[in-house]
Amino acid sequence: MDERVTLRSHLDRAGAKTPNRLAIAAVIEGIAAASIDLADLIADGPLAGITGRLSGVNSDGDAQKDIDLVADRMMRRALLVTPVAAILSEEAELPEILDVAAPLCVAIDPLDGSANLENNISVGTIFSIRPRGNDVVSTFFEPGTAQCAAGFVVYGPQTTLVLAHNGRVDIFILDRRAREFLLVAQGVRIAPNTPEFAINASNRRHWHGPVRAYIDECLAGIGGNGGADFNMRWIGSLVAESLRILVRGGVFLYPADARPGYREGRLRLLYEAHPMALVMEWAGGSATTGRRRILELSARTPHQRVPLIMGSMRGVRDVAAIHEGIEPMFDNSDAPLFARRGLFR
Ligand code: FBP
């Protein structure tokens, strides 16, 4: 990109007619500023006193590391001075009300995938912004289509900000010297048909029939119904997987499975699946549970989990087609009849 476009100048130019334009820009800038400081801390790791040690468990029983709590404090501090009515963070049991009259609500995973840090693998911040409803807390229980912007930051070899805003997806990279994000790709479109999948295959024995059938077809390669030799990736870091899909396509699956505690998958609807689904759809991809579009789902509880299958249009459509061909009551069936009906229609 020839012209040097900073996040701020990009937001200044964008969407003059969008409701809450200035408020949305202030929230995005607040999160971006905090992420620059967080990127420094993550890069220094143990040198900055980040031990990676467990500090406790969050309200949902997930292990919390010291860096999770520091990231949560940094994001909250940044959002306190922005027009936000309430924040729902992965690290707190309930939404925190900041200013009931402010126009926006934010759901945030301040540091996703912190278990990867000890190995120096990319981690990230995921955020979802929605207009405040009449009742502040109920805002979080509206469907994902209520989001007005969303995105994520990847703390990796580069610090990358992916932003779904104004109906499209743009990518920025942190200029570390100038301490500002610069636009590197605008109006990103996900390749519609990349033969690549990402799933934690160690859980195969726990998967339900439709997921097993889809992955088996991918593994069958050019001779299978998928008609292509598929590549596989699994980083175990949602932000890194999502960025890869934006860059080169493919499908990511974290399905529900038969393990205790995974009946609704692992990932959280409000601050993982909803924002990623907005990013995918606005970049021309798709996101589903296998049976329902993620953006049409409403959370029943703040930390509700949901199966998430997202990425290239063709791959997500194929997974959904297999689910359609199998009645939900047979999801857990091993019978080949149920596992094979309706593949890749
Ligand atoms: P946290 O929300 O606990 O950080 O976990 C999320 C996550 O790390 C995702 O980034 C990743 O996709 C997934 O968990 C990996 O799960 P698993 O270890 O079961 O493969």
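As the structure is a computational prediction, the values presented were derived from the model and not from experiment. (Residues numbered from 1 in each chain as written. Predicted model: local features only at pLDDT ≥ 70, side-chain atom pairs only at ≥ 80, totals over all residues. Heavy atoms only, no water.)

Quick notes on the overall build of the protein
The secondary structure content of the protein amounts to eight helices and 15 strands. Radius of gyration (C-alpha) of the protein: 20 Å, near the 20 Å computed for a compact globule of 345 residues. Once the C-alpha set of the protein is aligned to its principal axes, its extents read approximately 60 × 45 × 45 Å. Buried residues in the protein amount to 57% of all 345 residues. Pairs at least 24 residues apart make up 61% of the contacts formed inside the protein by residues separated by at least 6 positions. Averaging the locations of the 37 positively and 40 negatively charged side chains of the protein gives two centres separated by 3 Å. (Helix = DSSP H or I, 4+ residues; strand = E, 2+ residues; numbered from the N terminus. Rg over C-alpha atoms; globule rule 2.2 N^0.38 Å. Buried < 20%, exposed > 50% of the residue type's maximum accessible area, 1.4 Å probe, protein only. Contact = heavy atoms within 4.5 Å. Lys, Arg positive; Asp, Glu negative; His and termini not counted. Charge placed at Lys NZ, Arg CZ, Asp CG, Glu CD.)

With respect to the sheet that holds strand E10 (residues 180–185)
The sheet built from eight strands is open, its strands ordered E4-E3-E5-E6-E7-E8-E9-E10 with mixed pairing. With one partner strand each, in any of the chains shown, strand E4 (96–97) and E10 form the two edges of the open sheet. Across six bridges, strand E8 (residues 159–165) lies against strand E9 (residues 168–175) in antiparallel orientation. Counterpart to Val-162 in the pairing with E9 is Ile-171. Where helix H2 (residues 21–44) meets the sheet, its contacts fall on strand E3 (84–89), strand E5 (104–112), strand E6 (123–131), strand E7 (149–155), E8, E9 and E10, and the angle it forms with E5 comes to roughly 15°. Strand contacts of helix H6 (residues 269–282): E3, E5, E6, E7, E8 and E9, with the helix running at about 80° to E6, the strand carrying the most contacts. (Pairing = 2+ DSSP bridges. Axes fitted to C-alpha atoms, helices over the stretch in contact; angles between N-to-C directions.)

With respect to the pairing of strand E13 (residues 251–254)
Both faces of E13 are covered, namely the face carrying Val-251 and Leu-253 and the face carrying Phe-252 and Tyr-254. Here strand E11 (residues 196–198) pairs with E13 via two bridges, running parallel. By the bridge assignment, Ala-198 is partnered in E13 with Phe-252. Note that E13 and strand E15 (residues 308–311) share four bridges and pair antiparallel. Residue pairing for E15: Leu-253 is matched across the bridge by Ile-309.

Some words on the UniProt feature "binding site: Mg(2+) 1" (unreviewed entry) in the protein
UniProt tags Glu-90, Asp-109 and Leu-111 as "binding site: Mg(2+) 1" (unreviewed entry). Considering the C-alpha atoms alone, the annotated residues occupy 22 residues of sequence yet fold into one spot, their largest mutual distance being 8.8 Å. Positionally, Glu-90 belongs in the loop between E3 and E4. Setting aside residues no more than four positions away along its own chain, Glu-90 makes contact with Asn-58, Asp-62, Ile-108, Asp-109, Pro-110, Arg-268, Tyr-271 and His-303. With respect to the helices and strands, the residue Asp-109 is situated in strand E5. Note on Asp-109: relative accessible area 0%, which makes it buried. In this view, Asp-109 contacts Glu-90, Gly-124, Thr-125, Ile-126, Tyr-271 and Glu-272; residues no more than four positions away in its chain are not counted. (UniProt positions renumbered as here; feature names shortened; annotations may be inferred.)

Re the pairing of E7
Within E7, seven of the seven residues are buried, which leaves it mostly tucked inside the rest of the structure. The two faces of E7 match: Ala-149, Gly-151, Val-153 and Tyr-155 on one face and Ala-150, Phe-152 and Val-154 on the other face are all buried. In this structure, E6 lies alongside E7, joined through seven bridges in antiparallel fashion. Of the residues in E7, the one forming a bridge with Val-123 is Tyr-155. With antiparallel pairing between neighbouring strands as the criterion, E7 and E8 make up a hairpin whose turn holds three residues.

Some words on the packing of aromatic side chains
As enumerated under the stated definition, the model contains three aromatic pairs in all. Between the aromatic rings of Phe-197 and Phe-230, the centroid separation amounts to 6.4 Å while the plane-to-plane angle is 50°, which identifies the pairing as tilted. Taken together, the residues Phe-197 in strand E11 and Phe-230 in the loop between helix H4 (209–220) and strand E12 (231–233) connect sequence positions 33 residues apart. Among the aromatic residues, those joined into a cluster by ring pairs are Trp-234, Phe-252 and Tyr-254. (Phe/Tyr/Trp six-rings, centres within 6.5 Å; stacked < 30°, edge-to-face > 60°.)

Observations concerning the site of the ligand
Every residue near the ligand is listed here: Glu-90, Asp-112, Gly-113, Asn-200, Trp-234, Gly-236, Ser-237, Leu-238, Tyr-254, Arg-266 and Glu-272. Asp-112 places a polar side-chain atom, nitrogen or oxygen, 2.6 Å from an oxygen atom of the ligand. Protein contact buries 82% of the 480 Å² of open area that the ligand shows by itself. Across the shell around the ligand, the residue classes tally to three nonpolar, four polar and four charged. Counting only domains with at least three residues in the shell around the ligand, you end up with domain 1 (7–185) and domain 2 (196–340). (Near = heavy atom within 4 Å. Polar contact = N/O pair within 3.5 Å; in protein donor to acceptor, adjacent residues only side chain to side chain. Areas by Shrake-Rupley, 256 points an atom, 1.4 Å probe, with all protein chains shown as cover. Nonpolar A, V, L, I, M, F, W, Y, C, P; charged D, E, K, R; others polar. Domains from an automatic or database assignment.)

Thoughts on empty space enclosed by the protein
It is a probe the size of a water molecule, rolled over the atoms, that shows where empty space is left. Enumeration over the complete set of coordinates arrives at one cavity of 30 Å³ or more. The volume enclosed by the largest cavity comes to roughly 40 Å³. In terms of lining residues, the largest cavity is bounded by Ile-199, Asn-200, Asn-203, Trp-207, Leu-253, Tyr-254, Pro-255, Asp-257 and Arg-259. Within the lining of the largest cavity, the residues separate by chemical class into five nonpolar, two polar and two charged. (1 Å grid on protein atoms, 1.4 Å probe; cavity = no way out; pocket = protein on both sides within 12 Å on 5 of 7 lines; lining within 4 Å. Points joined across faces, edges and corners; volume = space filled by probe spheres on them.)

A few points about the packing of helix H5 (residues 238–248) against H6
The contact between H5 and H6 brings their axes to 11 Å, and the two run at 10°. Considered as vectors, H5 and H6 are oriented roughly parallel to each other. On the side of H5, the interface is formed by Leu-238, Val-239, Ser-242, Ile-245 and Leu-246, while H6 contributes Glu-272, Met-276, Val-279 and Met-280. Among the residues making up the contact of H5 with H6, the classes are represented as seven nonpolar, one polar and one charged. (Parallel < 35°, antiparallel > 145°, perpendicular 65-115°, else oblique.)

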